[in-house]
Amino acid sequence: MLDRLPREVIAMRVARELKDGDIVNLGLGIPSLCSQYVPEGRTILYHSESGVLNYGPMAEQGEEDDDLINASGQFLEPTPGMSFFHSADAFGMIRGGHIDVTVLGALQVSEKGDLSNWMLPSRGIGNVGGAMDLAVGAKRVIVAMEHKGREGEPKVVSECTFPLTSPTCVSLIVTDIAVISVGQKGLILKETAPGWGLEDVQKETEPELIPADDLKEIEL
Amino acid sequence: MEKVFSSFDEAVSDIFDGAVIMVSGFGGTGGTAQNLIVALRDHGASNLTIISNTAGLASLMGFGTLPGHTAVDCGILIDNDQVGKLIASYPVSPSPSRINSFETHFRKGKIALELVPQGTLAERIRAGGAGIPAFFTPTGVGTELSEGKEVREFDGRSYIMETALKADFALIKAHKADTLGNLSYRGTSQNFGAVMVRSSGISIVEVDEIVSPGEIESHLINTPALFVDRIVER
């Protein structure tokens, strides 16, 4: 049995994608871990739809302030150079193309880069939150997720069967077994977890993967 | 004109059955007018349409709520059967195993839902206060939330038309008000309040402190007094 990468390592791989000076919005779950693993020497300004830019670490226990939260409801530490704004501005920044990268979780991502991440059809009701705005507005959408669902079903699919968040928005998919980029002709397998080959990843992926010319082991 | 009210009950006393009410807050207690919401529950107006980011995440799961504190949010109006319709971006619990009162009421057909992407919700409210009846946005294009909406192309990209939102009343939380009605907020607690205050017939603002004009430095005023109708101190 091949080992799958833990959530922290998925986050670590995504963090390598963030460049010095990027404005970044991190979604719930695995994406929220990315800020801990940004390589030294890169300054990233984090944006949250709760109305803050340039937040830093979470507040220490006993120092919490309910006027200082991120979009996950976590308490933030006051940070020099952070700024606050209302919701219409928070989303003007997103929709207006001022966010360089957003990292989002997903229920399904399709061969064309379509994203479904806001509603399980079995529940019949869901929270759209800011997901649709981020998917259409950020310059680059990276998905960070487990490669398979809880029941072992593929999450990288030929066509999304769950309600869409946005069509053709995802550019890179980082999972616990692979790094896949969304290309014009289909999904390109760029990196695999240690020990995993093209065939192993393909077995857990619905659409056909195109191996990159320089397909390699995941780099951290 | 006197804007300072002495009690939360008095400030909400003319809210009528069937009113459309905007409720500020991102989901936690910061920016949520907890005392005005309790006053509206006690007042009892029914068949309300509530416009709010969530249906109450603080009371459900302690979202953005200080440890050891009990949160009040618009969830208590739904619990109390006062809400006929909710316009929100995040109406249900993130966990299907921990259902909120909105979802219970919704499944029984007792409450209607208009689900709106969060940025579209904020912009529809902003537009409502800015004299803009409708606008085109890329958010939601190609999804089920665009069904029935007009689609237009600008510079080769598709956009859907969204209409402005207005309300009869807004229940807002700010940090400080002066007696003229100028407001300042703390940290991330501007969120929806600083937008809703502009697009409601009567804006009712709960603040930590009411001060004299001049005590909030003019360049630190987030909401100018003309948007504010009533203020009540906690």
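The following paragraphs examine the structure supplied in this document. Because the structure is predicted, anything quoted here is derived from the model rather than measured. (Residues numbered from 1 in each chain as written. Chains lettered and ligands numbered in written order. Predicted model: local features only at pLDDT ≥ 70, side-chain atom pairs only at ≥ 80, totals over all residues. Heavy atoms only, no water.)

### Looking at the overall build of chain B
Helix and strand content of chain B: seven helices and twelve strands. What you see for chain B is a C-alpha radius of gyration of 18 Å, in line with the 17 Å of a compact globule of 234 residues. Dimensions of chain B, computed from the C-alpha atoms along their principal axes, are close to 50 × 45 × 35 Å. In chain B, which comprises 234 residues, the proportion classed as buried is 56%. A sequence separation of at least 24 residues applies to 78% of the contacts in chain B between residues at least 6 apart. Of the accessible surface of chain B, which amounts to about 9200 Å², a share of 48% is contributed by carbon and sulfur atoms. (Helix = DSSP H or I, 4+ residues; strand = E, 2+ residues; numbered from the N terminus. Rg over C-alpha atoms; globule rule 2.2 N^0.38 Å. Buried < 20%, exposed > 50% of the residue type's maximum accessible area, 1.4 Å probe, protein only. Contact = heavy atoms within 4.5 Å. Areas by Shrake-Rupley, 256 points an atom, 1.4 Å probe, with all protein chains shown as cover.)

### Let's talk about the pattern of salt bridges
All chains considered together, the criterion is met by 26 salt bridges over all chains. We note a salt bridge from E204(A) to R4(A), for which the minimum N-O separation is 2.7 Å. Separated by 200 residues along the polypeptide, E204(A) in the loop between α4 (198-203) and β13 (209-217) and R4(A) in the segment before α1 (7-15) bring together distant segments of the chain. The class of E204(A) is buried, set by a relative accessible area of 13%. Note on R4(A): relative accessible area 30%, which makes it partly exposed. Across the pair R126(B) and E123(B) runs a salt bridge whose closest N-O atoms are separated by 3.0 Å. Separated by three residues within a single helix, R126(B) and E123(B) lie in helix α6 (residues 118-129), roughly one turn from each other. The partly exposed category is assigned to R126(B), whose relative accessible area is 26%. Residue classification places E123(B) among the buried residues on the basis of a relative accessible area of 15%. The network of salt bridges with shared partners includes R4(A), K148(A), D176(A) and E204(A). (Salt bridge = Lys/Arg side-chain N within 4 Å of Asp/Glu carboxyl O.)

### Let's talk about the interface of chain B and chain A
Facing 51 residues of chain B, the contacting portion of chain A comprises 39 residues. Contact between chain B and chain A buries roughly 3500 Å² in total, counting both sides, with carbon and sulfur atoms accounting for 58%. Connecting chain B to chain A are three salt bridges. One salt bridge in this structure joins E103(B) and R123(A), with 2.7 Å as the shortest N-O distance. Counting every contact that joins chain B to chain A gives 23 residue pairs in polar contact (both at pLDDT 80 or more). Breaking the side of chain B that touches chain A down by element, the ones donating at least two residues are α5 (101-107), β5 (112-115), α6 and α7 (193-196) of chain B. Grouping the constituent residues of the side of chain B that touches chain A by class yields 22 nonpolar, 21 polar and eight charged. (Buried area = accessible area lost by both parts, 1.4 Å probe. Polar contact = N/O pair within 3.5 Å; in protein donor to acceptor, adjacent residues only side chain to side chain. Nonpolar A, V, L, I, M, F, W, Y, C, P; charged D, E, K, R; others polar.)

### Some details on the side chain of T143(B)
When you line up the elements, T143(B) lands in the loop between β6 (134-137) and β7 (151-154). With relative accessibility at 5%, the residue T143(B) sits in the buried group. Within polar-contact distance, the side chain of T143(B) engages the backbone oxygen of G140(B) at 2.7 Å. If sequence neighbours within four positions are ignored, T143(B) has contacts with M132(A), L164(A), T165(A) and S166(A).

### Thoughts on the sheet that holds strand β5 (residues 101-104) of chain A
One open sheet holds the ten strands; their spatial order is β4-β3-β2-β1-β5-β8-β10-β11-β12-β13 (chain A), and the pairing between them is mixed. Of all strands in the sheet, those bounded by a partner on one side alone are β4 (83-84) and β13 of chain A. (Pairing = 2+ DSSP bridges.)

### Focus on empty space enclosed by the protein
Residue and element names in this part refer to chain B. Taken as a whole and judged by the stated rule, the model has three cavities of 30 Å³ or more. Here the largest cavity is characterised by a volume of approximately 80 Å³. Together, 13 residues line the largest cavity, and S24, T32, S52, T54 and D73 are the ones closest to its centre. The residue inventory of the lining of the largest cavity, partitioned by class, reads three nonpolar, nine polar and one charged. (1 Å grid on protein atoms, 1.4 Å probe; cavity = no way out; pocket = protein on both sides within 12 Å on 5 of 7 lines; lining within 4 Å. Points joined across faces, edges and corners; volume = space filled by probe spheres on them.)

### A word on the pairing of strand β12 (residues 186-192) of chain A
Side-chain positions along a regular strand alternate between the two faces of the sheet. Residue and element names in this part refer to chain A. By the criterion of burial, β12 is predominantly enclosed, with five of the seven residues buried. With six bridges connecting them, strand β11 (residues 178-183) and β12 associate as antiparallel partners. Bridge pairing in β12 places V179 opposite E191. Connecting the antiparallel pair β11 and β12 is a turn made up of two residues. Pairing analysis gives five bridges linking β12 to β13, with the strands arranged parallel. When the sheet's bridge partners are listed, T192 is paired in β13 with E217. Between the parallel pair β12 and β13, the chain is carried across by α4, and the sense of this crossover is right-handed. (Right-handed = clockwise from strand over helix to strand, strands pointing away.)

### Some remarks on unusual backbone geometry
Residue and element names in this part refer to chain B. One non-glycine residue, D81, adopts positive backbone phi at about 60 degrees. With respect to the helices and strands, D81 occurs in the loop between α4 (75-79) and β4 (83-88). Assessed through its relative accessible area of 46%, D81 is described here as partly exposed. Notably, D155 is not glycine yet its phi reads approximately 50 degrees, a positive angle. Structurally, D155 is set in the loop between β7 and β8 (157-163). D155 gets classed as exposed once you look at its relative accessible area, which sits at 86%.

### Here we look at the sheet that holds strand β7 (residues 115-116) of chain A
Residue and element names in this part refer to chain A. Spatial ordering of the open sheet is given by β7-β6-β9, a layout of three strands whose pairing is mixed. The open sheet has two edge strands, β7 and β9 (156-157), and neither has a second partner. Relative to β7, strand β6 (residues 108-110) is paired through two bridges, and the arrangement is antiparallel. If you follow V109 over to β7, its bridge partner there is L115.

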